[in-house]
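# Residue-level structural notes
For reference, the chains in residue letters:
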Amino acid sequence: MKPVYKEFKNDEEVVNAVNSLKTQGVHEDNIYVITHDDDRTNRVADNADANTVGVSETGLGTSIKNVFRKKGDELRAKFEELGFSHEEAELLEDKLDQGQIILAIKDAPSTVTI
């Protein structure tokens, strides 16, 4: 199943959206927060009780490669590992460059609205 996403401008909107998703039956293991800054990603994910894209999602090989990649390449790889196409990953990474927060949902039921 193709992942879905929504972009947000501030942390509070993400927290509210994650809470709404959980009440709609989305399992918390399928909810991911991604920003351009690792510290912000961790802070928002902690506040929203959501996940970040880590080794378990990308695999060890991609995680090791990400250490040596530029930030944009690393972010695009994370989006692709979640199931987004290369073109979608580029678009989403551009949104992160503009300061957006991306909330991505893997295996979302078709009835879910973000």
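Residues numbered from 1 in each chain as written. Predicted model: local features only at pLDDT ≥ 70, side-chain atom pairs only at ≥ 80, totals over all residues. Heavy atoms only, no water.

Looking now at the overall build of the chain. In terms of helices and strands, the chain carries 5 helices and 3 strands. When each of the 114 residues of the chain is scored for burial, the buried share is 43%. Within the chain, residue pairs in contact and separated by at least 24 positions form 64% of the contacts whose partners lie at least 6 positions apart. Of the roughly 6,200 Å² of accessible surface on the chain, a fraction of 46% belongs to carbon and sulfur atoms. (Helix = DSSP H or I, 4+ residues; strand = E, 2+ residues; numbered from the N terminus. Buried < 20%, exposed > 50% of the residue type's maximum accessible area, 1.4 Å probe, protein only. Contact = heavy atoms within 4.5 Å. Areas by Shrake-Rupley, 256 points an atom, 1.4 Å probe, with all protein chains shown as cover.)

Another aspect to go through is the environment of valine 112. With respect to the helices and strands, valine 112 occurs in the segment after strand E3 (101-105). The spatial distance from the C-alpha of valine 112 to the C-alpha of valine 4 is 9.6 Å, given a sequence separation of 108 residues. Dropping the residues within four chain positions of it, valine 112 is found in contact with Leu21, Gln24 and Val26.

This next bit is on the nonpolar core. Counting residues in each nonpolar core, the largest one holds 18 residues, and the members touching the most others are Val14, Val18, Leu21, Ile31, Val33 and Leu103. Secondary-structure elements contributing two or more residues to this core are helix H1 (11-23), strand E2 (31-34), helix H2 (38-48) and E3. Of the residues forming this core, the biggest block, 5 residues, is contributed by H1. Filtering out sequence-adjacent residues up to four positions away, isoleucine 31 remains in contact with Val18, Leu21, Lys22, Val26, Ala50, Asn51, Leu103 and Ala104. (Core = buried A, V, L, I, M, F, W, Y, C linked by side-chain atoms within 4.5 Å.)

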